[in-house]
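# What the coordinates show
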Amino acid sequence: MAIARIDGGSVPRQGKPWTSPDALVVRGFNGAVAVEARPGGRLCFGRAPDPAAEGMRLGEDDLRVSRTHGVLVHRQQWWWLRNTGSLPIEISGGRRVHKADEEYPLDPGHTTLVITGSNDRKHILHLYINGPDGGRQPYPVPDGRTVEQIVWPLTPRQRRVLVVLGQRYLRSGDLDPQPLTRQGTVDHLNELWPGERWTLRKVDHVVEPVRLHLHAKGVRGVVEAEVDPPVGNKLSHNLLVELTVKTATLTPGDLRLIDGGE
């Protein structure tokens, strides 16, 4: 069986194609679909995918979601995502794929796709690509012990600088936060601690070791070689997402460092 579908419920933990090597398993609001990793294997998704093709419905009642908003294709031993819709598709980790972009290769394991539609509604697909031995989808663990949140080590000096740089990520109400500019960070640091005579070089010397430490620990997108040009503020953005969203390294409570608490 090259493709299988279930409505609602959990994904089967045995049987093809659910546990086939490199198979693609897609979960949505209405159920799940599994597609074997064969050349030309294909799954469309959107508000009303072509009934002649295998499809997954997503955002059925949202006219901002295209009928066929994206396609997942197996080619050259990889699963590839192509955006065919009018809105960008956000991939877990923050990357956005637009209609004009090239197909994007998906890594084995978990990937989440998000389309932001009308009134900021989030339409979500959960993807899982099996390993080469198959049968590796996660299973429910309601009685399992919650994994403790990662907190990366920071010196007091690093914490102060990063809170200034990333204060917009810590304040509520900003739906699309961006880092302060390097010069803006220098200026704000000098307002708070004028005796320390902050410069661009001083800020870089504080932030750079944090980025390199996280890179050494496997965090992606915090060094220049791992981001597409133009680099702009992508390195700082990815660093701050890691510190404030993916981990609890920096929290809103740290704003006391710059709001007069300490």
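Notes on the structure in this doc start here. (Residues numbered from 1 in each chain as written. Predicted model: local features only at pLDDT ≥ 70, side-chain atom pairs only at ≥ 80, totals over all residues. Heavy atoms only, no water.)

Residue Pro 17 is reached from Lys 16 by a cis peptide bond, and omega for that bond is -5°. The omega torsion of the bond from Pro 229 to Pro 230 falls at -5°, within 30 degrees of zero and hence cis. Of note, Pro 230 is situated in the loop between helix 4 (200-216) and helix 5 (234-246). Although it is not a glycine, Gln 76 adopts a positive phi angle of roughly 55°. The topology assignment puts Gln 76 in the loop between strand 6 (70-75) and strand 7 (78-83). (Helix = DSSP H or I, 4+ residues; strand = E, 2+ residues; numbered from the N terminus.)

For the rest of this paragraph, the subject is the sheet that holds strand 2 (residues 24-28). Ordered in space as 1-3-2-12-11-8-9, the seven strands form an open sheet in which the pairing is antiparallel. A strand with exactly one partner marks an edge of an open sheet, and here the two such strands are strand 1 (3-7) and strand 9 (95-97). On average, each strand axis in the sheet is inclined to that of its neighbour by 20°, with strand direction left out of account. Examined bridge by bridge, strand 2 and strand 12 (residues 122-129) share four bridges and lie antiparallel to one another. Its bridge partner being in strand 12, Val 25 is matched across the sheet by Tyr 128. (Pairing = 2+ DSSP bridges. Axes fitted to C-alpha atoms, helices over the stretch in contact; angles between N-to-C directions.)

This part is about the packing of helix 1 (residues 156-165) against helix 4. Remark: helix 1 packs on helix 4, axes separated minimally by 10 Å, with the N-to-C direction vectors making an angle of 105°. On the basis of their axis angle, the class for helix 1 and helix 4 is roughly perpendicular. Contacts between helix 1 and helix 4 pair Arg 157, Gln 158, Val 161 and Leu 162 from the former with Lys 202, Val 203, Val 206, Val 207, Pro 209 and Val 210 from the latter. Its residues assigned to classes, the contact of helix 1 with helix 4 comprises seven nonpolar, one polar and two charged. (Parallel < 35°, antiparallel > 145°, perpendicular 65-115°, else oblique. Contact = heavy atoms within 4.5 Å. Nonpolar A, V, L, I, M, F, W, Y, C, P; charged D, E, K, R; others polar.)

This next bit is on the environment of Ser 66. In this structure, Ser 66 sits in the loop between strand 5 (55-57) and strand 6. Once the C-alpha coordinates of Ser 66 and Ser 86 are considered, the two residues, 20 residues apart in sequence, prove to be 6.5 Å apart. Filtering out sequence-adjacent residues up to four positions away, Ser 66 remains in contact with Gly 46, Arg 47, Gly 85 and Ser 86. A polar atom in the side chain of Ser 66 sits 3.1 Å from the backbone nitrogen of Ser 86. (Polar contact = N/O pair within 3.5 Å; in protein donor to acceptor, adjacent residues only side chain to side chain.)

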